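Remarks on the overall topology
The primary structure of each chain is shown beneath.
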Amino acid sequence: MIKKNILLFLLFTFAFCFRGFGQSENFQYDTSYVESTHEAFAIRLFTSQKYTRLVQNIPDQDRAFVLKPNTGLKMGVGVSYQRLTINVSFPVGFLYPDKQKNWPFNLDLHSHIYAPRVIIDFFGQFYGGYKINANDLANSDADYLREDMRLSSMGMNMNYLFFGDKLSLGAAFNQTAVQKRSAFSPFIGFEIYGGKIKGDSLLLPKSQVPDAANFDKAGYFQAGPNAGLAGSLVFGKGFFLTGTASANLSGGYSKWRNGEEFKKWGVVPTYYLRAFVGYNGKRFSINGNYVYKNLNLVEGEAYDQAINTGNYRVILMYKLYPRDKFKKGFNKINPLSVLFKD
């Protein structure tokens, strides 16, 4: 089942990438605001941490239980050239000394497409093994471990950027352009998310959670429109501060099982934040960025939950400028070349 979900995720990603890039074939940036640098061969080294957490508020208690996945910091390398970006990351033991060994494998797929006028984010998370930190529990000096817990979640967030000719989020995210002047733009869009959670028994600690708020299986699906504002402040020579914030109103359902299974339909607000800060020069670039998606779920009886997804990275990049012979040769093997005449 997981393999099928991964395949569908990749197919949907490819389809929307094609449409997102294809719409910009004849697009031209306002060169007084944005300078394209697609002909620079960018090599990057980065650290990254992705996560998807389940947060559950308990009725009549002034606290929340946060189930965290068995993940930590990763290191990675990547390249960008002629609109093609490839990143590969891998875990490094010393960056996460508290990681549980021999727990199930985790796969977290993020795809962030910041084409002109179009912002597309995909999430495909398949996690095995969760825990609640000891300091989040009452009268406990040991973490609450649930190796048997499984969480899978897939979603898409798609937006139209009204002034995409003056504002490039790609300049902030992967430095495929240079933002020369400060700019702002509103955007509107749509999002859709769905997923499921399950365990071999009731997932929350029985000694601290009422039976009415516990469960061994849950699922959700919701979708709706969103709107927000994006902006980039440029100062000095190459320094920038970029961010987006959007609010969403989603309709859908949540369901839970605790002996018996029940479902609740409703409408809930959610939000999405992106933040980027750094320096983007002719040869060197360094930046930090953070992407955070809050997905409140429809409340039902004693269940008040959220699925929160995040990814933060620190990137160091160096840019080369190849000769014409290399440009022509690479263009012949670049899979994106079929979408662009240049």
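The structure presented is a predicted model; accordingly, all values stated were derived computationally and were not measured.

Helix and strand counts for the protein stand at three helices and 15 strands. Every one of the 342 residues in the protein was classed for burial, and the buried ones make up 52%. In the protein, the proportion of contacts linking residues at least 24 apart, taken out of those at least 6 apart, comes to 72%. Looking at the protein as shown, the accessible area adds up to about 17,000 Å², and 60% of this sits on carbon and sulfur atoms.

Core analysis: the biggest nonpolar cluster contains 29 residues, and Ile-197, Phe-215 and Ile-307 have the highest contact counts within it. Elements represented by at least two residues in this core include exactly β3 (64-69), β7 (118-132), β8 (144-161), β10 (183-198), β11 (217-235) and β14 (284-296). Considering every element that reaches this core, the biggest residue donor is β7, with four residues. The next biggest cluster of nonpolar side chains, apart from the first, holds 17 residues, and it includes Tyr-29, Phe-173, Ala-177 and Phe-187.

A few words on the pattern of salt bridges. Going through the model one piece at a time under the given rule, you end up with seven salt bridges. Two residues, Arg-146 and Asp-148, come together in a salt bridge whose shortest N-O distance is 2.9 Å. For the salt bridge of Glu-191 with Lys-293, the shortest nitrogen-to-oxygen distance reads 3.0 Å. In this pair, Glu-191 sits in strand β10 while Lys-293 sits in strand β14, placing the two residues 102 residues apart along the sequence. Residue Lys-293 is classed as buried on the basis of its relative accessible area, which comes to 3%. One salt-bridge network, in which partners are shared between bridges, spans Asp-30, Asp-165 and Lys-166.

Together, Ile-43, Leu-45, Val-77, Val-79, Ile-86, Val-88, Phe-284, Ile-286, Leu-316, Tyr-318 and Leu-320 line one region of the surface with nonpolar side chains, adding up to about 920 Å² of accessible area. Contributing elements (two or more residues each) for the nonpolar patch: β2 (41-57), β4 (74-81), β5 (84-91), β14 and β15 (304-320). Broken down by element, the nonpolar patch gets its largest block of residues, three residues, from β15. Topologically, Ile-43 is positioned in strand β2. For Ile-43, a relative accessible area of 37% translates into the label partly exposed.

Turning our eyes to something else, we now look at a positive patch on the surface. Judged by side-chain charge, Arg-150, Lys-196, Lys-198 and Lys-217 come together as a positively charged surface patch. Secondary-structure assignment places Lys-217 in strand β11.

The subject of this paragraph is the side chain of Lys-131. Tracing the chain through its elements places Lys-131 in strand β7. For Lys-131, a relative accessible area of 8% translates into the label buried. Excluding anything up to four places from it in sequence, Lys-131 contacts Val-66, Leu-67, Lys-68, Tyr-96, Asp-98, Asp-143, Tyr-144 and Leu-145.

Topologically, Ala-247 is positioned in strand β12 (residues 239-258). Of the residues examined, Ala-247 reaches a relative accessible area of 49% and is grouped as partly exposed. For the pair formed by Ala-247 and Ile-188, sequence separation is 59 residues and the distance between their alpha carbons is 9.7 Å. Not counting the four nearest positions on each side in its chain, Ala-247 is found in contact with Pro-225, Asn-226, Ala-227, Thr-270 and Tyr-271.

Turning to the confidence of the model for the protein, a few remarks are in order. Scored by pLDDT, the protein has a mean of 86; 89% of the residues are at 70 or more. Contacts of residues 18-25 to residues separated by more than four positions or lying in other chains number 17 contacts, the stretch itself having pLDDT below 50.

What follows concerns unusual backbone geometry. We note that Arg-117 has phi near 70 degrees; this positive angle belongs to a residue other than glycine. As for its placement among the helices and strands, Arg-117 is situated in the loop between β6 (107-115) and β7. One non-glycine residue, Glu-301, adopts positive backbone phi at about 50 degrees. You can see Glu-301 is positioned in the loop between β14 and β15.

Time to look at the pairing of β10. Two strands pair when backbone bridges link them, and β8 and β10 are joined in this way by 12 bridges, in the antiparallel orientation. Note that in β10 the partner of Met-154 across the bridge is Gly-194. Strand direction decides the pairing type here: β10 and β11, joined by 16 bridges, are antiparallel. Across the sheet, Lys-196 pairs through a bridge with Gly-219, a residue of β11.

Attention now goes to the packing of aromatic side chains. Taken as a whole and judged by the stated rule, the model has 18 aromatic pairs. When the centroid spacing of 5.0 Å and the interplanar angle of 50 degrees are considered together, the rings of Phe-239 and Tyr-279 count as tilted. Here Phe-239, found in strand β12, pairs with Tyr-279, found in strand β13 (residues 260-280); they are 40 residues apart in sequence, far enough to count as distant. Residue class for Tyr-279 comes out partly exposed when judged on its relative accessible area of 29%. Aromatic side chains Tyr-253 and Trp-265 sit 5.1 Å apart centroid to centroid with 55 degrees between the ring planes, which places their arrangement in the tilted category. Here the residue Tyr-253 occupies a position in strand β12, and Trp-265 occupies one in strand β13, the gap between them amounting to 12 residues. Grouped by ring-pair contacts, the aromatic residues Phe-215, Trp-256, Phe-262 and Tyr-303 constitute a single cluster. Sitting over the face of the ring of Tyr-33, Arg-181 holds its NZ or CZ atom 4.2 Å from the ring centroid.

Cut-offs and rules
- Residues numbered from 1 in each chain as written.
- Predicted model: local features only at pLDDT ≥ 70, side-chain atom pairs only at ≥ 80, totals over all residues.
- Heavy atoms only, no water.
- Helix = DSSP H or I, 4+ residues; strand = E, 2+ residues; numbered from the N terminus.
- Buried < 20%, exposed > 50% of the residue type's maximum accessible area, 1.4 Å probe, protein only.
- Contact = heavy atoms within 4.5 Å.
- Areas by Shrake-Rupley, 256 points an atom, 1.4 Å probe, with all protein chains shown as cover.
- Core = buried A, V, L, I, M, F, W, Y, C linked by side-chain atoms within 4.5 Å.
- Salt bridge = Lys/Arg side-chain N within 4 Å of Asp/Glu carboxyl O.
- Patch = residues over 30% accessible without salt bridge, like charges linked within 9 Å, V, L, I, M, F, W, Y side chains within 5 Å.
- Lys, Arg positive; Asp, Glu negative; His and termini not counted.
- Charge placed at Lys NZ, Arg CZ, Asp CG, Glu CD.
- pLDDT = per-residue confidence, 0-100.
- Pairing = 2+ DSSP bridges.
- Phe/Tyr/Trp six-rings, centres within 6.5 Å; stacked < 30°, edge-to-face > 60°.
- Lys NZ or Arg CZ within 6 Å of the ring centre and 35° of its normal.

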